[in-house]
Amino acid sequence: MAETGGGFLEQLKSCIVWSWTSLWTLWFFVMLFLVYILRVPLKINDNLTTVSMFLNTLTPKFYVALTGTSSLISGLILIFEWWYFRKYGTSFIEQVSVSHLRPLLGGVDNSPNNSNTSNGDSDSNRQSVSECKVWRNPLNLFRGAEYNRYTWVTGREPLTYYDMNLSAQDHQTFFTCDTDHLRPADAIMQKAWRERNPQARISAAHEALELNECATAYILLAEEEATTIVEAEKLFKQALKAGEGCYRRSQQLQHHGAQYEAQHRRDTNVLVYIKRRLAMCARKLGRTREAVKMMRDLMKEFPLLSMFNIHENLLEALLELQAYADVQAVLAKYDDISLPKSATICYTAALLKARAVSDKFSPEAASRRGLSTAEMNAVEAIHRAVEFNPHVPKYLLEMKSLILPPEHILKRGDSEAIAYAFFHLQHWKRVEGALNLLHSFRMIPYPLEKGHLFYPYPICTETADRELLPSFHEVSVYPKKELPFFILFTAGLCSFTAMLALLTHQFPELMGVFAKAFLSTLFAPLNFVMEKVESILPSSLWHQLTRI
């Protein structure tokens, strides 16, 4: 990781120091300008007469040249800061302040972490990942029992046409094959999966069941006709009975030809889908331990079918059981550099590491004493998770309202963030202090255009998410890089000093009136205090103090 939590705290300190230094510089120029405008002694006391006389000997051209030069220098700094920011993605002044002021502020050298980061960068660059590939949501809801009920209550459609069209393509890929025309029930279902009208699909499924015990027909009815999870589970159990029979028959014939092999592959997909959905039904009905057992058995029986991402279902169920050791064991297997990442993987790993320190973590205490090893690991895990998907913290921190997750997600996009937070928000709330830790570092790293541990953030996610998410949802756009403070500061300083120089040259008398009014108001409390001090202290003592 390019910057750790300790580095962030040190950078914050450095930025504060630079900000105060810049503000005092601006104040110096303002005071010189005001002295020119007044061109009278600043008689706080009689001993400043010499200084006032020296300032009064300066000509107006000197002050105009001074403010003009200040504006020119500020403009050059602004141009250089902007160029450096556009080229390297960071502020030059902030970078220098972190590099040189960190040792003075008690910073910690993170070179070992940086070396590990460089290794991670080289490994992640080897991944050839499609930027905007859409994935099936492993925790997708049931259309009849969940999505349709939402529509009945709110009158809103939670699924977009694009999302449902992708599901139709998935169903045709998983549940059909070239030999379906040889079996009447499968031939009907092959047409049913292509139907756009839900009622037409349901009618076709009933028609197929009249001809034969068709597993895919039961799947369609469980997904779309069942209005409760209990009804869906009953239909999936009937589908399991029919699917196991088809699977055993095709397993014996799979080596007899390409058609039999394709049919066995289809029957395998159907069986895995049914068992996975049955496990999800058990999870939704509160039988979490049973769901975990079903998922583990399914992963052992079909270890090569990673397309369904069953391990993400397993992680969520284990978190519900608070079996954190088992969660860590699953992450050890699937959180590998050679395997595709997901928000579930990254944020679950961050949750486990945050759990070890979140109950006692305090940003103020960490800034004073530095981060411990466990806190550093937790912060780095949160860095990694936020870098992979920067939209998730808004939903976990309830800064943005959740909606029902779509049936398909775009990794690193808003759709994936919704799908993750919808099921995992309760697990973050259960861990005391985890959300507070995430809140402390919710803007880190920010922004992420260049990436550190992953490939650069895709620029097409916003467009794809708008296709996947309903129109009533405000799509979370990837956080754009904001202008650093020093670019804004130098721009303001340049404009302010240039304006002072111009107005002073064009309207010296009017500016003098304004400046005198401002100074009289500014120094009124100070003059009052000085008068009180002079009236209390002896004149000889005050004279000796002013000579020191």
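Residues numbered from 1 in each chain as written. Predicted model: local features only at pLDDT ≥ 70, side-chain atom pairs only at ≥ 80, totals over all residues. Heavy atoms only, no water.

The name an unreviewed UniProt entry gives the protein is Suppressor of tumorigenicity 7 protein isoform X2, with Gekko japonicus as the organism. The Sequence similarities (unreviewed entry) comment attached to the protein in UniProt states, word for word, "Belongs to the ST7 family." Turning to the protein, the UniProt record has this under Subcellular location (unreviewed entry): "Membrane". (UniProt positions renumbered as here; feature names shortened; annotations may be inferred.)

**A short note on the packing of helix H8 (residues 184–192) against helix H9 (residues 198–211)**
One way to put it is that H8 packs onto H9 with a least axis distance of 8 Å and a crossing angle of 175 degrees. Taken as axis vectors, H8 and H9 run roughly antiparallel relative to one another. Residues Pro 184, Ala 185, Ile 188, Met 189 and Ala 192 of H8 lie in contact with H9, whose contacting residues are Arg 201, Ala 204, Ala 205, Glu 207, Ala 208 and Leu 211. Tallied by class, residues from the contact of H8 with H9 come to 9 nonpolar, no polar and 2 charged. (Axes fitted to C-alpha atoms, helices over the stretch in contact; angles between N-to-C directions. Helix = DSSP H or I, 4+ residues; strand = E, 2+ residues; numbered from the N terminus. Parallel < 35°, antiparallel > 145°, perpendicular 65-115°, else oblique. Contact = heavy atoms within 4.5 Å. Nonpolar A, V, L, I, M, F, W, Y, C, P; charged D, E, K, R; others polar.)

**Thoughts on the packing of aromatic side chains**
Applying the stated criterion to the full structure yields 8 aromatic pairs. Where Tyr 347 meets Trp 428, the ring centres are 6.5 Å apart and the plane angle is 65 degrees; that geometry is what we call edge-to-face. Of this pair, Tyr 347 sits in helix H16 (residues 343–355) while Trp 428 sits in helix H20 (residues 414–430), placing them 81 residues apart in sequence. We classify Trp 428 as buried; its relative accessible area is 0%. An aromatic cluster of three or more residues is present, and its members are Phe 174, Phe 175, Trp 193 and Tyr 273. The ring of Phe 142 carries Arg 277 above its face, with NZ or CZ at 4.0 Å from the centroid. The ring of Trp 135 carries Lys 411 above its face, with NZ or CZ at 3.9 Å from the centroid. (Phe/Tyr/Trp six-rings, centres within 6.5 Å; stacked < 30°, edge-to-face > 60°. Buried < 20%, exposed > 50% of the residue type's maximum accessible area, 1.4 Å probe, protein only. Lys NZ or Arg CZ within 6 Å of the ring centre and 35° of its normal.)

**Digging into unusual backbone geometry**
For Gln 322, which is not glycine, the phi dihedral falls at a positive 60 degrees. Relative to the helices and strands, Gln 322 resides in the loop between helix H14 (310–320) and helix H15 (324–334). Residues other than glycine seldom take positive phi values, yet Glu 398 does so here, at roughly 55 degrees. Residue placement: Glu 398 occurs in the loop between helix H19 (392–396) and strand S2 (408–410).

**Considerations on the confidence of the model for the protein**
For the protein, mean pLDDT is 75; residues scoring 70 or higher make up 67% of the total. Note on residues 105–130: pLDDT under 50 across the span, and 30 contacts to partners over four residues away in sequence or across chains. (pLDDT = per-residue confidence, 0-100.)

**Digging into the side chain of Thr 176**
Looking at the element boundaries, Thr 176 is found in the loop between helix H7 (161–175) and H8. Ignoring anything within four residues of it in the chain, the contact list for Thr 176 reads His 171, Gln 190, Trp 193 and Arg 266.

**Section: helix H12 (residues 258–284)**
Look at H12: 39 Å from first C-alpha to last across 27 residues, which is about the 39 Å you get at 1.5 Å a residue. The buried count for H12 comes to 21 of 27 residues, which makes it a mostly enclosed element. Two residues or fewer past H12, Gly 286 is found with a positive phi of approximately 90 degrees. (Expected span 1.5 Å × (residues − 1).)

**Remarks on the pattern of salt bridges**
Close approach of charged atoms allows side chains with opposite charge to pair. Under the counting rule described, the total for this entry stands at 18 salt bridges. Of the charged contacts, one joins Lys 275 and Glu 301 as a salt bridge, the two residues approaching to 3.0 Å between their closest N and O atoms. Within this pair, whereas Lys 275 is found in helix H12, its partner Glu 301 is found in helix H13 (residues 288–301), the two being separated by 26 residues in sequence. The exposure class of Glu 301 is partly exposed, given its relative accessible area of 41%. For Glu 290, the salt bridge identified is with Arg 287, shortest N-O distance 2.7 Å. Salt bridges sharing partners connect three or more residues here, namely Arg 143, Arg 201, Glu 224 and Glu 407. (Salt bridge = Lys/Arg side-chain N within 4 Å of Asp/Glu carboxyl O.)

**Overview of a nonpolar patch on the surface**
On the surface, Leu 72, Leu 76 and Ile 79 cluster together to form a nonpolar patch covering roughly 330 Å² of accessible area. Here Ile 79 lies in helix H3 (residues 60–88). (Patch = residues over 30% accessible without salt bridge, like charges linked within 9 Å, V, L, I, M, F, W, Y side chains within 5 Å. Areas by Shrake-Rupley, 256 points an atom, 1.4 Å probe, with all protein chains shown as cover.)

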